[in-house]
Protein chains: 2
Amino acid sequence: MCSAEMQPAPRSIRLHIGLFGRRNVGKSSLLNALTRQQVSIVSPEAGTTTDPVEKPMELLPLGPVLFVDTAGLDDEGALGAARMSRSRAVLDRVDLGILVAESGVWGPFEAGLLAELSARRIPTVVALNKSDLASPRDLPATVLQNMDGTPVIAVSALHGQGIDRLREALLRAAPEGHFDSRHLISDLVPPGEVAVLVMPIDSSAPKGRLILPQVMAVRDVLDGAGLALVVQARELPQALSALKGNPALVVTDSQAFQSVARDVPDAVPMTSFSILMSRFQGDLAAQVRGTLAIENLRGGDRVLVAEGCTHHPTEEDIGRVKLPRWLNEKVGAPLHFDTIQGRDFPSDLSPYKLVVHCGNCMGNRREMLSRIHRCEAAGVPITNYGLAIAYSFGIFDRALRPFPEVEGFLHACRA
Amino acid sequence: MCSAEMQPAPRSIRLHIGLFGRRNVGKSSLLNALTRQQVSIVSPEAGTTTDPVEKPMELLPLGPVLFVDTAGLDDEGALGAARMSRSRAVLDRVDLGILVAESGVWGPFEAGLLAELSARRIPTVVALNKSDLASPRDLPATVLQNMDGTPVIAVSALHGQGIDRLREALLRAAPEGHFDSRHLISDLVPPGEVAVLVMPIDSSAPKGRLILPQVMAVRDVLDGAGLALVVQARELPQALSALKGNPALVVTDSQAFQSVARDVPDAVPMTSFSILMSRFQGDLAAQVRGTLAIENLRGGDRVLVAEGCTHHPTEEDIGRVKLPRWLNEKVGAPLHFDTIQGRDFPSDLSPYKLVVHCGNCMGNRREMLSRIHRCEAAGVPITNYGLAIAYSFGIFDRALRPFPEVEGFLHACRA
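Residues numbered from 1 in each chain as written. Chains lettered and ligands numbered in written order. Predicted model: local features only at pLDDT ≥ 70, side-chain atom pairs only at ≥ 80, totals over all residues. Heavy atoms only, no water.

Before going further, it helps to spend a moment on the sheet that holds strand 12 (residues 336-341) of chain B. Residues and elements named next belong to chain B. Read across the sheet, four strands follow the order 12-11-13-14 without closing on themselves; strand pairing throughout is parallel. Because the sheet does not close on itself, it has two edges, and the strands there are strand 12 and strand 14 (382-384). Direction aside, neighbouring strands of the sheet carry axes that sit 25° apart on average. Note: strand 13 (residues 354-357) against strand 14, three bridges, orientation parallel. Note that in strand 14 the partner of His-357 across the bridge is Asn-384. Sitting on the sheet, helix 10 (residues 284-291) is in contact with strand 13 and strand 14, with an inclination near 100° to strand 14. (Pairing = 2+ DSSP bridges. Helix = DSSP H or I, 4+ residues; strand = E, 2+ residues; numbered from the N terminus. Axes fitted to C-alpha atoms, helices over the stretch in contact; angles between N-to-C directions. Contact = heavy atoms within 4.5 Å.)

Quick look at the structure:
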């Protein structure tokens, strides 16, 4: 698996995660296990600083986060007024809390912190470390009753146990706003410039309507003060010649990828709605990495085609007919395809050599990230329709050129 | 009321209405009453011709229709084989039937025709003429039982009674396809040419989405092989200068009418989504005629603002705040506004000097035509949001220029 990281995200859009807990409870080793990196948490003398230490990190499946360490807030007695004031400075700017504890040492410090986090409506997950020594059931019943729904995950940072469950719990607990902060397309189209949006209208398109990713793309171009030139694939040459200059970007439905790639000059950035959706509703880097697994597929390998919703007629044909055909052609031998729809996602992914997911336009990003996370935890590569189609058509690199952060990452993966 | 007619519609899109009934039952006078015109129905000798006579007409609220007269099929005895063969030639091409009868003379001819119409699933309305002499209740009970849901409307063509009820019944009975055959915009944008669609995004726009008339317009441009350049009003000058030539049409949300009218060169056709919706979902000629009544409004006059659906947040502000303000400014004194939403439409329209209806994007055209018909029957002018706003802003004529058939009609109304 490729471990290259994407370009750093700006600090402002990172989810701020407060890491709370007494000294010696295993915060550093837990952070190492979560981020799969060796992180040295600076631990100043307790009580000597009010400036918590910040660590920008990539925490899958949540994406870019900023860990705010609260080493100054530990267990030197009860949570006094001075300590509370310092803790408020942290609490004022975290979006999510991890309270690291040990089952045997739950006391007024932990209870007070949890009450304060709850009062401020900061979603929190309790990581009960050293679970090789104990379990959440070892917490006193009175403590558990006062948890008020806060999830308690038994982990062993030392042995790497429970880390995936903790990640999943953090994903579930993260505030909804974290998943809404991305642009679908508008960051790729400077104000006043043109995005050409290619929308083939075939028999499966709903009468008199556009499908949701297309509507979302037009709207986001408008939100960014761009101009959206919408055409069918057949009219693309006329659209390009109606413009005085080159468009800033051409986006096509994946089904028309080949003709659009031919018609669009190489100098013009080009991608698909589905790849935009991977970036917006999923995790582009993880799904690009997953796409590369197509190269290793062999005839008879099982591929899971997953659709997020059950009522999208246009996806029907793509997921069941076209995509399998194109993948078979790419691999040069028939693969075995299973198809699922809606909320059911198999708990056992081990039979699959690849998962191909739809763009998830109807679902929410948290759910999509959870599925990506489950695939990665199971060691099963996951891609999406547009990425898999671009790869099958041999235009993968070109379709990723609008995303320089992934292009560099892709290069590193292949190196 | 202006009686000028719109330009004739092509024969193919006219609803074909078969007019059945014995001689002397009042078909000619009923047709005169329905069309408000003196029509001479050619009545050849019964049985001497198999060629029915066709009359293209404007039948409000159904629009352009073609009456197919069946003078050759009358009551010279029972409906024999030869007669059936002639009648089939008519039945093969009518979309809707009117069976004109008299209550006292219902016999095998009428019963046979109705059975044949029913077997062919041609929706039919029975007009029981000379109702000044009798009523549907005078039909034998056995006849009524065999009607199988066919509406029976008592009319007096001679005295003009029941004609509005007959029109309403024809509207209800007309096949759904009749209301779907129009273009929203694609007939105004030649293949390969550009329609600029101006969509202001304000706080009332649903997050990440476009409102339905906007989506419908983009889709219809694509269906017609046109190019849709979608922009906010602020970017319109940039959009026009990004194109090598003039667009075929500029369509704007009515709220941005004034700035768009300033920015679009006079030579470029310009209108609004709402006016397109009047043509597509309502009756543009009738609503243009209704709009002219704004000129006669005086302070204190009651105006009914009617919205077809209850869940359209963007209409909220328009119908309740902006439109009343602009109409008050146009009239120069405060009007009295009542607002209704959804399926309730007042049975008594007499308090109102004007009805202003939304574009009815969520409703069906049959319902909208029914409302227009009820307004006209009550002598109350009806317009729509876009037409009323264009009139208030003094850009009515310009906004109607893309519709030459209505422009001529408007000219005639004012002459």
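This part covers the nonpolar core. Core analysis: the largest hydrophobic core is formed by 159 residues, its most contacted members being A:Ile185, A:Val196, A:Leu197, B:Ile185, B:Val196 and B:Leu197. Discounting residues that sit within four places of it in the chain, A:Val196 has contacts with A:Leu229, A:Val231, A:Leu236, A:Leu240, A:Leu243, A:Pro247, A:Leu249, A:Val250 and A:Val251. (Core = buried A, V, L, I, M, F, W, Y, C linked by side-chain atoms within 4.5 Å. Buried < 20%, exposed > 50% of the residue type's maximum accessible area, 1.4 Å probe, protein only.)

Before going further, it helps to examine the interface of chain A and chain B. With 35 residues of chain A at the interface, the matching set in chain B holds 35 residues. At the boundary of chain A with chain B, total buried surface from both sides reaches about 2900 Å², with 63% on carbon and sulfur atoms. For chain A, the biggest contributors to the area lost against chain B are A:Arg219, A:Leu222 and A:Lys244; these three give 22% of the whole. Put simply, chain A and chain B have zero salt bridges between them. Where chain A packs against chain B, one counts ten residue pairs in polar contact (both at pLDDT 80 or more). Looking at the side of chain A that touches chain B, the elements that each hand over two or more residues are helix 6 (212-223), strand 8 (227-231) and helix 7 (236-242) of chain A. (Buried area = accessible area lost by both parts, 1.4 Å probe. Salt bridge = Lys/Arg side-chain N within 4 Å of Asp/Glu carboxyl O. Polar contact = N/O pair within 3.5 Å; in protein donor to acceptor, adjacent residues only side chain to side chain.)

All names here are of chain A. Overall, the prediction assigns chain A a mean pLDDT of 83, with 82% of residues at 70 or greater. A low-confidence stretch, residues 1-8 (pLDDT under 50), is modelled with 13 contacts involving residues beyond four sequence positions or located in other chains. Below a pLDDT of 50 lies the segment residues 41-50, which in the model reaches 20 contacts outside its immediate sequence neighbourhood of four places, other chains included. (pLDDT = per-residue confidence, 0-100.)

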